[in-house]
Amino acid sequence: MKVLVIGGGAREHALCRSLSLDPDVTALYCAPGNAGIAEVAELHPVDALDGEAVARLATDLGAELVVVGPEAPLVAGVADAVRAVGIPCFGPSGEAARLEGSKAFAKDVMAGAGVPTARSYVCTTPAEIDAALDAFGAPYVVKDDGLAAGKGVVVTDDVEAARAHALACDRVVIEEFLDGPEVSLFAITDGTTVLPLQPAQDFKRALDGDEGPNTGGMGAYSPLPWAAPGLVDEVMESVLQPTVDELRRRGTPFSGLLYAGLAITSRGVRVIEFNARFGDPETQVVLARLKTPLAGVLLGSAKGTLDELPPLTWRDEAAVTVVIASHNYPGTPRTGDPIEGLDEVAEQDAPHAYVLHAGTRREGDTIVSAGGRVLSVTATGKDLAGARERAYAAAARIRLDGSQLRTDIARTAAEG
């Protein structure tokens, strides 16, 4: 089939890489893509938020499946526009994508579905904000109700910092702090059938030891050797299937990728947040381990035929991703710096380690930085220690002036 992927980050590079290795994919396009994606897919310019433009491009290319990567186009209804011209699309409708687009909507769905989550208040006035902060106490968890590119959440012991973030949002969700390790679990669904993927853990803080500000994610690993054997089954039963069933009951069926961000608390599994698309950087490690060809699974979601597919199969290997970020990230990042060492990784570390591009662009013969998170160095190994060693060895070959990375991705899990 001919496949068009919408987006231009490392998540889309990971998707394109997997699709390019799928023998059923005869042509692969990406819009707008990036310098790395250009090596595996044909790039086309498009405004990813313009549903009609995306649908027109898909029609012109003869695409038989469109995969919408980022959250903003999904919330904007791009998947609806593609389906309206008769092309199968992997990704929820704009209405169903509110599960990520509005924290308050997600809380309402969870209440209806009986899904365990943190107690919370939705606040729109300074008085409501103060009352909620007082009710829960520190650590304060304050979430912008809308999309914020992974940076809309503040967790702090400083009540003034919590209040300042809350006041800067039009509508805010303030909730109790959830203790325990965090887990990301993806599931592919067609609105009825739910196929869970393998769990992963990502690292949101900018600096080693989970210090510094929240980011979009500085690294990830999978599998989770410390997780209970029945974790996926438990989350399927208590979170994923009930949420999909509730959305269908409401007349807004959810098809595409349902991402549950979970806390494994002393009182059991609790949902921190839902996303309506593959997460970044967890996608990089989860797809590195997926053995089943990807295109047929995504098409099954888009066409409502997941129940006809055989069970997913997985490689025994572990995977680790280390994000290389630009100078000053997650503040205003410096861009336009040349990136060196990519050829060295391809020559010396493949196929066990490879580089997925996030914020890059080509200027003549040079690839330069073009965003905050620039590259995701991904590696596989027989265990986490081996995958981690390969990822950091490959990352050490990359030269980007002023760049930063965390040195402790998967360290504790690998040592445990």
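As a starting point, this report considers the structure included with it. (Residues numbered from 1 in each chain as written. Predicted model: local features only at pLDDT ≥ 70, side-chain atom pairs only at ≥ 80, totals over all residues. Heavy atoms only, no water.)

**Some thoughts on empty space enclosed by the protein**
Summed over the entire model, instances satisfying the criterion amount to 2 cavities of 30 Å³ or more. There is about 60 Å³ of room inside the largest cavity. Lining the largest cavity we find Leu99, Lys103, Ala106, Lys107, Met110, Lys143, Val173, Glu175, Ile272, Glu273 and Phe274. Secondary structure elements with two or more residues in the lining of the largest cavity: helix H6 (103-113), strand S9 (172-175) and strand S17 (268-275). Element by element, the count of residues in the lining of the largest cavity is highest for H6, at 4 residues. Here the lining of the largest cavity is composed, by residue class, of 6 nonpolar, no polar and 5 charged. Along the walls of the second largest cavity sit Ala14, Arg17, Ser18, Gln284, Leu287, Ala288 and Tyr354, which together make up its complete lining. Those elements that provide at least two residues to the lining of the second largest cavity are helix H1 (10-20) and helix H10 (282-289). Counted by class, the lining of the second largest cavity contains 4 nonpolar, 2 polar and 1 charged residues. (1 Å grid on protein atoms, 1.4 Å probe; cavity = no way out; pocket = protein on both sides within 12 Å on 5 of 7 lines; lining within 4 Å. Points joined across faces, edges and corners; volume = space filled by probe spheres on them. Helix = DSSP H or I, 4+ residues; strand = E, 2+ residues; numbered from the N terminus. Nonpolar A, V, L, I, M, F, W, Y, C, P; charged D, E, K, R; others polar.)

**Some details on the sheet that holds strand S3 (residues 42-43)**
With parallel pairing, 5 strands are arranged side by side in an open sheet as S3-S2-S1-S4-S5. Both outer strands of the open sheet, S3 and strand S5 (89-90), are each paired with one neighbouring strand and no more. Relative to strand S4 (residues 65-68), strand S1 (residues 2-7) is paired through 4 bridges, and the arrangement is parallel. Directly across from valine 5, in S4, lies its bridge partner valine 67. In the packing of helix H2 (residues 51-61) onto the sheet, the strands contacted are S1, strand S2 (27-32) and S4, and the crossing angle to S1 comes to about 155 degrees. Packed onto the sheet, helix H11 (residues 294-303) meets S4 and S5 and runs at close to 90 degrees relative to S4. (Pairing = 2+ DSSP bridges. Contact = heavy atoms within 4.5 Å. Axes fitted to C-alpha atoms, helices over the stretch in contact; angles between N-to-C directions.)

**Considering the layout of surface pockets**
In this approach the atoms are scanned with a rolling probe the size of a water molecule, which exposes any empty space left behind. Taken as a whole, the second largest pocket spans an internal volume of roughly 530 Å³. Along the walls of the second largest pocket sit 25 residues, with Glu39, Leu342, Ala346, Val355 and His357 positioned nearest its centre. Sorting the residues of the lining of the second largest pocket by element identifies H1, strand S19 (339-340), helix H12 (342-348), strand S20 (353-357) and strand S22 (366-369) as the ones contributing at least two each. The dominant element in the lining of the second largest pocket, judged by the number of residues it contributes, is S20, at 5 residues. The residue inventory of the lining of the second largest pocket, partitioned by class, reads 13 nonpolar, 6 polar and 6 charged.

**Quick word on the pattern of salt bridges**
Summed over the entire model, instances satisfying the criterion amount to 27 salt bridges. Close ionic contact of arginine 250 with aspartate 108 constitutes a salt bridge, the shortest N to O distance being 3.0 Å. Linking arginine 250 in the loop between helix H9 (231-249) and strand S16 (256-265) with aspartate 108 in helix H6, this pair joins segments that are 142 residues apart in sequence. Across the pair aspartate 408 and arginine 406 runs a salt bridge whose closest N-O atoms are separated by 2.9 Å. Here the salt bridges share partners, and the residues they tie into one network are Arg11, Glu12, Glu71, Glu100 and Arg277. (Salt bridge = Lys/Arg side-chain N within 4 Å of Asp/Glu carboxyl O.)

**A few points about the packing of helix H7 (residues 126-136) against helix H8 (residues 159-167)**
Across the interface, H7 lies against H8 with an axial gap of 10 Å and an inter-helix angle of 145 degrees. Pair H7 / H8 crosses with right-handed handedness. On the side of H7, the interface is formed by Pro126, Ile129, Asp130 and Leu133, while H8 contributes Val159, Ala162, Arg163, Ala166 and Leu167. Classifying every residue of the contact of H7 with H8 gives 7 nonpolar, no polar and 2 charged. (Left-handed = near helix turned anticlockwise from the far one by under 90°.)

**Description of H8**
Of all the residues in H8, the buried ones are Ala162, Arg163, His165 and Ala166. Viewed along the axis of H8, the buried residues span an arc of 165 degrees, placing them on a single side of the element. Those residues of H8 that are buried are in contact with H7, strand S7 (140-144), strand S8 (153-156) and S9. Two or three places before glutamate 160, at the start of H8, stands the capping residue aspartate 158, its side-chain oxygen 2.9 Å from that residue's backbone nitrogen. (Buried < 20%, exposed > 50% of the residue type's maximum accessible area, 1.4 Å probe, protein only. Arc of directions from axis to C-beta. Polar contact = N/O pair within 3.5 Å; in protein donor to acceptor, adjacent residues only side chain to side chain.)

**Details of the packing of aromatic side chains**
Under the counting rule described, the total for this entry stands at 5 aromatic pairs. When the ring of phenylalanine 90 is compared with that of phenylalanine 278, the centres are 6.1 Å apart and the planes differ by 35 degrees; the resulting orientation is tilted. Within this pair, whereas phenylalanine 90 is found in strand S5, its partner phenylalanine 278 is found in the loop between S17 and H10, the two being separated by 188 residues in sequence. An identical accessibility class is assigned to phenylalanine 90 and phenylalanine 278; each is buried. Centroid distance phenylalanine 203 to tyrosine 221: 6.0 Å. Interplanar angle 45 degrees. Geometry classified as tilted. Of this pair, phenylalanine 203 sits in the loop between strand S12 (201-202) and strand S13 (205-207) while tyrosine 221 sits in strand S15 (residues 219-222), and the two are 18 residues apart along the sequence. Pairwise contacts between aromatic rings join Phe90, Phe186, Tyr259 and Phe278 into one cluster. For the cation-ring pair, arginine 17 lies above tyrosine 354, with the distance from its terminal atom to the ring centre recorded as 3.6 Å. (Phe/Tyr/Trp six-rings, centres within 6.5 Å; stacked < 30°, edge-to-face > 60°. Lys NZ or Arg CZ within 6 Å of the ring centre and 35° of its normal.)

**A closer look at the nonpolar core**
Ranked by internal contacts, the top residues of the largest apolar core, which has 80 residues, are Leu4, Val66, Leu99, Leu240 and Val320. Of all the elements, H9 adds the most residues to this core, at 8 residues. Other than its neighbours up to four places away in sequence, leucine 240 contacts Leu185, Ala187, Val194, Val235, Leu258 and Ala260. With 41 residues, the next largest nonpolar core counts Ala14, Val25, Phe90 and Leu356 among its residues. (Core = buried A, V, L, I, M, F, W, Y, C linked by side-chain atoms within 4.5 Å.)

**Let's talk about the sheet that holds strand S23 (residues 373-381)**
Overall, antiparallel pairing links the 5 strands, which are arranged S12-S15-S18-S23-S20 in an open sheet. Pairing within the sheet leaves two strands with one partner each, and these edge strands are S12 and S20. Both S20 and S23 contribute to a ladder of 5 bridges, which runs antiparallel. Within the sheet, the bridge partner assigned to histidine 357 lies in S23 and is leucine 375. Along the sheet face, H1 touches S20 and S23 and points at about 125 degrees away from the line of S20. Running over the sheet, H10 touches S12, S15, strand S18 (318-325), S20 and S23 and is turned about 150 degrees from S18.

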